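Each chain, written out:
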Amino acid sequence: MTAWTVMLRGVRYRAGRSFVVFILAVTATTAAVLAPAYSRAAQQSVLTDGLSAASTDATGLTVGAKGTADSAAFKDLAEIRLAMNTALTKDQLLADRLDLPVAAIDTEVTLGGGAASGDGGVGAKLAYRDNACYHLTIDGDCPDNPGEIAVSKRTATARGLKVGDPLTVRMGPATGGHDRTFTIRGLYTPTDGDAAYWGRTSYFSAAAGGEGERADALFSMTEDDLRLERTATLATRLEYPLRADRVRLDDVAGLRDGIQTLGDRLRGEELEVTTTLPAVLRDIDTDRASIGRTAPVIAVPLLLLCWFVLFLLVASLTDERAPEIALAKLRGFPSGRAAGFGLGEVLLLIVAAVPAGIAAGLLLVQAAAGALLAEGVRVEVRWPVFAAAGIALAAGLAAAVLAGRQTLARPVLGLLRRVPERGGWRAGAAEGVVVALAVASLAAAVNDRGSPLALLAPPLLAVVVGVAAARLLGLWSGARLRIARRRGRIVPLLSAAQLSRRPGGQRLVVVVTVAVALLTFAATAWDAAAQARRDAADDTVGAQRVLTVAADHPSALEAAVDKADPGGHAMAVVRASQRFDNAPVELMGVQSGRLADVAVWRGHSRADVGELAARLHPDVAAPLRVGKDLAADITVDTLPARPALRVAAIVAAPGQPPRTVTLGGLSKGTKSYRASLNGCTNGCRLVGLAVGRAAGGSEPFAVSVTVRGLQSDGGPLTPGFDLAGRWQPRHTGGGAQVSVRAGAALGVDVSGSDPADAVVEHVDTPAALPAVLAGGAPADDAAAATFKLPGFSDQPQPFTVAAHAASLPRAGRRGVLFDLDYATRMAERGASLADNATLRYEVWASAAAPADLDRRLAAAGVQVLRTETIDGQLEQLARRAPALGLWLYLLAGAAAILLAIGVVLLTAYVGVRARLYELAALRVAGVRAGQLRRAVFREYRALLGLPLVVGLGAGLVGAMVMLPGIPLVTVGVATPVTVRPGTGALPVAAGVIVIGLFAAVLMVLRLMGRATPQRLRDGAQ
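In what follows, the accompanying structure is described.

About the thresholds
Residues numbered from 1 in each chain as written. Predicted model: local features only at pLDDT ≥ 70, side-chain atom pairs only at ≥ 80, totals over all residues. Heavy atoms only, no water. Helix = DSSP H or I, 4+ residues; strand = E, 2+ residues; numbered from the N terminus. Contact = heavy atoms within 4.5 Å. Areas by Shrake-Rupley, 256 points an atom, 1.4 Å probe, with all protein chains shown as cover. Pairing = 2+ DSSP bridges. Axes fitted to C-alpha atoms, helices over the stretch in contact; angles between N-to-C directions. Buried < 20%, exposed > 50% of the residue type's maximum accessible area, 1.4 Å probe, protein only. Patch = residues over 30% accessible without salt bridge, like charges linked within 9 Å, V, L, I, M, F, W, Y side chains within 5 Å. Salt bridge = Lys/Arg side-chain N within 4 Å of Asp/Glu carboxyl O. Lys, Arg positive; Asp, Glu negative; His and termini not counted. Charge placed at Lys NZ, Arg CZ, Asp CG, Glu CD. Phe/Tyr/Trp six-rings, centres within 6.5 Å; stacked < 30°, edge-to-face > 60°. Lys NZ or Arg CZ within 6 Å of the ring centre and 35° of its normal.

## Concerning the overall build of the protein chain
Reasoning step 1: Across its full length, the protein chain carries 28 helices and 33 strands.
Reasoning step 2: Here the contacts in the protein chain between residues at least 6 apart in sequence split such that 80% fall between residues at least 24 apart.
Reasoning step 3: Accessible surface for the protein chain amounts to roughly 44200 Å². Of this, 57% is attributable to carbon and sulfur atoms.

Rendered as structure tokens:
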């Protein structure tokens, strides 16, 4: 009979134990394979998610030029396409990752006044875009022929246009361009104005109702129509979207190099390649690198536990076969053949488990990819998988040899003895090594909790605690045994005797402690991370839904939001960024009346937010709205002969800078001064009144006037002349002296030689803008109650701190929150907001806001560029590196508990015949069956109860120590730990641990119930 035959028959004879060894070996190989396979899949998921989450214009490539007739902007799109295709033939990787391009040309034009508009020309884009008619709903026909255009219904309604009308537009600069006439072939409505097809170009930017300073784009399907005017500035381009689903990890370096090379090649064609894809890839690299570092470290504790359990099992099995090995030695087997006889079956099973472990690991990663990772991510079979399996095989074989070495080295008489071996110096040395590693990991954690060695601190601490618990259990059992002997109590005596004389029991304590601690730490970390992700999502988004939009100016956005959601469940928000002391400060203007119903402000109840909103909007005078004309009844009491003086009104259209409109030259007596207000069809705001020279000069003068009333569009205004402080002189720093007298009429006295106008302003804003401040005040004194900072204009505006907050929704820990209406009024006293490119426009919406809010905003003239939600942000955060790493930690913890339960059962089944024989002998000696059951139950209660309590404590302590320094949401950013009581992974994990261990004890009790006297008669041992 060959050695192979003996091993195979032994495996078959001991099928149950052989299966357990095989499963443990498979588990060890699976744990080893899991790290590289899961790490690769998670990195691919982060890459795919990062590219998909980025906007199309951020990841795509734009190839083109901008300029007049002497530039490449006037090239045919076919020429640009040919140059691009030629360049891409030399870089197949880049070519395969780019989707079909969208060709586009646009230029700025000015529309003349229409029959119904009653005003001057407005700006618009004349645009060509591939297949635009397929993305527009057109009444009429698509403008396929030269000289034909499509106009938006909104613009046509506002300007009295219809299909078939000619439309004259000025192309090129205002002074050097020419008028061109096109025929309106159709009236369009965009099917989806914020679709990726339109890119970042704002085509649909007309104000609500079509009246304003811009109109929607005019579309032509003929390229040459846009080249009619050679002085016009054209933006000609091909927009290539990126196929994010095709980009693999191995493509990243090639994409970076390909984009650089492509730009160099096309530069000779006077074409520019524009993309932010390299920057997007750099941001993604941070998460990828984190997963690559942490995934293997997270898998190490599970792998070591698997090998330790395998070591215990092989040691127990080899010790159980000690009599057979002794017989082999007595029959003349040399030491090598005896060792092969004792370990051959185990080694064969470990080798056979490798392919099964590889398959199990890959299947597990594939299942995780389908459930947790980005769509389309698949497991990749690469050389690190096989290298990890090889390491697992070598470690498994080494563990088996080391486990059986002590038994195989014993002499024949030692092998035939049935007294358990005592632990020797080797066990103490191993425990010392573990303690040293734990100290090293703690030292690393002090300096950097996120380092790989620091991540090993929780499991190593659990091992140290487990060893201490095992030692404590041994001492306690010995003491209980002596007490039970003196008192003659049979149940404590039997349980304490088993615990004190079984070295395997102390090893079991270590395994259970480590497994419980691993799962407890993982569950606590998951709960803390889940709460941190929820908090981060709330803080990042700021409302249930946030729409990033393009608006002409803040007032236009407010009007559009009021029209789209009259119920008050959406809020206009305008944002700007300033810097102070080389640090960014985020400024946010909000519709304070809607803030409490819309904003998600962590740590603040609705009542708290409402109280803060009230502070942001103290009562002040309403603005004076004027229409097409303005009249002022003025009495001039004192008037110098020279110079000639005039009175003027300072008015501001929404979004536009204030302008001075002369009402007339001053003359003595009472008179009505009147002027038409061009451009105020939709209403303007009266900023103030001015008195100044009709012509230049600097000679001194003194004048005294009394303003008795103001009228606009035939109706009186309510200027509040009788209210002190309602009208105040503007301080310009010049030499003029201006004083104001309140009363039934407004008295204004001016004297001095300042050549500038003396201005008296209508006060419709607070003197300083109330604000909620997060962080220190942007002033020399961080605790200052007032400060100045440019708000929505270039000039510093005064702010007063109405309240402090730890952080602001969507702005973070360094920002200023204030009322949008007041901030807009204050900024419009001296600046234009319509051309302020630094302002960012958003609409925040609560869950009660209309579901079609984006369409309503589009109908009101506001283009929606992007939509964010808290749930969507949570989904993204759940697939970032920290969350993916914690999933692996949870998986490792669950596997560790299964191993622990398996070890509990194995310690009961290995050597069970001898144990049942002992219990049967005790039954014959007069010990009742109930006493034996209570003794076994007490034994396992101590054997599992102590590590359960200690392991839970070790896991929680490890979590509290380590989690404050571990990134839970974003790589490189430690998050404050918050674990709120309630449902979560930790209660579930604790329940699973208790139920699993209790079920294992019940199975052991059922097994021990087979210890009947019949076993003694049969001689079964």
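Having seen the model, we can carry on.
## Focus on the sheet that holds strand E29 (residues 815-819)
Reasoning step 1: Strand order in the open sheet formed by 9 strands is E27-E28-E26-E29-E13-E12-E30-E11-E31, with mixed pairing between adjacent strands. Edge positions in the sheet fall to strand E27 (786-790) and strand E31 (863-869), since each of these pairs with one other strand and no more. Adjacent strand axes in the sheet meet at a mean angle of 35 degrees, parallel and antiparallel pairs treated alike.
Reasoning step 2: Direction of pairing for strand E11 (residues 545-550) relative to strand E30 (residues 840-845): antiparallel, over a ladder of 5 bridges. From the neighbouring strand, Leu-547 faces E30, where its bridge partner is Val-843.
Reasoning step 3: Helix H18 (residues 554-564) rests against E11, strand E12 (570-580) and E30 of the sheet, and its axis sits at about 155 degrees to E12.
Reasoning step 4: On top of the sheet, helix H20 (residues 606-616) reaches strand E26 (769-774), strand E28 (796-805) and E29; it is set at about 140 degrees to E26, its chief contact.

## Here we look at H18
Reasoning step 1: Turning to H18, its buried residues number three or more, namely Pro-554, Ala-556, Leu-557, Glu-558, Ala-560, Val-561 and Ala-564.
Reasoning step 2: Where H18 is buried, its residues contact E11, E12, helix H19 (592-598), helix H21 (820-827), E30 and helix H22 (853-859).

## Some remarks on a positive patch on the surface
Reasoning step 1: Positive charge collects at one region of the surface, where Arg-482, Arg-485, Arg-486, Arg-487 and Arg-489 lie side by side.
Reasoning step 2: Structurally, the position occupied by Arg-485 is in helix H15 (residues 457-487).
Reasoning step 3: On the basis of relative accessibility, which here comes to 56%, the residue Arg-485 falls in the exposed class.

## Quick look at the environment of Leu-968
Reasoning step 1: Within the element layout of this structure, Leu-968 appears in strand E32 (residues 967-970).
Reasoning step 2: On the basis of relative accessible area, Leu-968 is assigned to the buried category, the value being 2%.
Reasoning step 3: The spatial distance from the C-alpha of Leu-968 to the C-alpha of Ala-883 is 6.9 Å, given a sequence separation of 85 residues.

## Details of the packing of aromatic side chains
Reasoning step 1: The final tally for this structure, using the stated rule, is 15 aromatic pairs.
Reasoning step 2: Ring geometry for Trp-198 versus Phe-204: centroids 5.0 Å apart, planes at 90 degrees, classification edge-to-face. Here Trp-198 matches Phe-204 in class, with each residue buried.
Reasoning step 3: The ring of Tyr-197 has Arg-129 lying over it, and the distance from NZ or CZ to the ring centre is 5.0 Å.

## Section: the pattern of salt bridges
Reasoning step 1: This model, assessed by the stated rule, comprises 45 salt bridges.
Reasoning step 2: Here Glu-269 makes a salt bridge to Lys-75, at a shortest N to O gap of 3.8 Å. Residue Glu-269 is located in the loop between helix H7 (252-267) and strand E10 (272-274), and its partner Lys-75 is located in the loop between strand E1 (61-67) and helix H4 (77-88); the two are separated by 194 residues in the primary sequence.
Reasoning step 3: With a shortest N-O distance of 3.7 Å, Asp-535 and Arg-602 are connected by a salt bridge. You can see Asp-535 sitting in helix H17 (residues 503-541) and its partner Arg-602 sitting in the loop between H19 and H20, a full 67 residues away along the chain.
Reasoning step 4: Look at the salt bridges and you will find they share partners, linking Arg-575, Glu-586, Arg-810, Arg-840, Glu-842, Arg-866 and Glu-868 into a network.

Everything listed here is a matter of coordinates, which is why it stays silent on function.
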